[in-house]
Amino acid sequence: MVRLVADAMTRQVVYLPEDTSLDEAAQAMRDQGIGDVVVTRGPTMAGIVTDRDIVVRAVAEGLPTRTTTLGAIASRELIMIEQSATVEESVQAMRDRGVRRLLVCDADRKVVGIISLSDVALLPTSAAA
């Protein structure tokens, strides 16, 4: 059975300005039950930060989470895949780029969700293979 990215992705995307502190971002992730936020600079997307990024790039490095901003630790490369792609194509794209999440867009390149390795792992075994 071919599964599409649209069937597996998380539709909730949270956007936070790049000057948001890591404390605030972590609280937003906790409150929303998510593991990532898209970082914005004005009206444009400027990067992505995951809960793991906060731990590895800030906490483990001794950076103060109250004053360090998302912009300071964001991954700037935003990798997108269309929602009509297959889950297998998304996994291959993650492998090729060494990432665990992809932004999902529609045919007009508007962000409509995020797909992560954990989203794929939650699919029934026959669909994830």
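Just above sits the structure.
Here the structure is a predicted model, which is why all the values come from computation and not from measurement.

A. Summary view of the packing of helix α2 (residues 22-32) against helix α3 (residues 51-59). At a minimum axis distance of 10 Å, the contact between α2 and α3 shows a crossing angle of 150°. On the basis of their axis angle, the class for α2 and α3 is roughly antiparallel. Crossing hand, α2 versus α3: left-handed. Where α2 abuts α3, its residues L22, A25, A26 and M29 lie against D51, I54 and A58.

B. Spotlight on α3. If you check which residues of α3 are buried, you get D53, I54 and A58. End-on, the buried residues of α3 take up no more than an arc of 100°, which puts them together on one face. Where α3 is buried, its residues touch α2, β3 (44-50) and α4 (70-73).

C. Spotlight on the sheet that holds β3. Read from one edge of the open sheet, three strands run β1-β2-β3, paired in mixed fashion. Strands at the two margins of the open sheet, each flanked by one partner only, are β1 (15-17) and β3. On average, each strand axis in the sheet is tilted by 40° relative to the strand beside it, whichever way the strands run.

D. How the structure looks around the pattern of salt bridges. Counting across every chain of the model gives seven salt bridges. In this structure, the salt-bridge partner of R57 is D53, at a minimum N-O distance of 3.8 Å. Of this pair, R57 and D53 both sit in helix α3, four residues apart, roughly one helical turn. The salt bridge partner of E77 is R97, with a shortest N-O separation of 2.2 Å. Taken together, the residues span a long stretch of sequence, with E77 in the loop between α4 and β4 (80-82) and R97 in helix α5 (residues 87-97) at a distance of 20 residues. Judged by relative accessible area, which is 45%, R97 ranks as partly exposed. The structure contains a network of salt bridges with shared partners spanning E18, R41 and R76.

E. Geometry of the nonpolar core. By size, the foremost hydrophobic cluster in this structure holds 15 residues, and its most contacted members are L16, L22, M29, V37, V49, I54 and L70. Elements supplying a minimum of two residues to this core: α2, β2 (36-41), α3 and α4. Here the element with the most residues in this core is α2; it accounts for four residues. The contact partners of V37, leaving out residues within four places of it in the chain, are V14, L16, M29, G47, I48, V49 and L70.

F. Here's a closer look at a nonpolar patch on the surface. A surface patch of nonpolar side chains, about 240 Å² in accessible area, is lined by V55, V56 and V59. Residue position: V59 is located in helix α3.

G. Fine view of the pairing of β3. Counting buried positions along β3 yields five of seven residues, so the element is predominantly enclosed. Of the pairings in the sheet, the one linking β2 to β3 comprises six bridges and is antiparallel in character. Residue pairing in the sheet places T40 in a bridge with M45 of β3. Taking the residues between adjacent antiparallel strands as the criterion, β2 and β3 are bridged by two residues, where G42 takes a positive phi near 60°.

What counts, and where the lines are drawn
Residues numbered from 1 in each chain as written. Predicted model: local features only at pLDDT ≥ 70, side-chain atom pairs only at ≥ 80, totals over all residues. Heavy atoms only, no water. Axes fitted to C-alpha atoms, helices over the stretch in contact; angles between N-to-C directions. Helix = DSSP H or I, 4+ residues; strand = E, 2+ residues; numbered from the N terminus. Parallel < 35°, antiparallel > 145°, perpendicular 65-115°, else oblique. Left-handed = near helix turned anticlockwise from the far one by under 90°. Contact = heavy atoms within 4.5 Å. Buried < 20%, exposed > 50% of the residue type's maximum accessible area, 1.4 Å probe, protein only. Arc of directions from axis to C-beta. Pairing = 2+ DSSP bridges. Salt bridge = Lys/Arg side-chain N within 4 Å of Asp/Glu carboxyl O. Core = buried A, V, L, I, M, F, W, Y, C linked by side-chain atoms within 4.5 Å. Patch = residues over 30% accessible without salt bridge, like charges linked within 9 Å, V, L, I, M, F, W, Y side chains within 5 Å. Areas by Shrake-Rupley, 256 points an atom, 1.4 Å probe, with all protein chains shown as cover.

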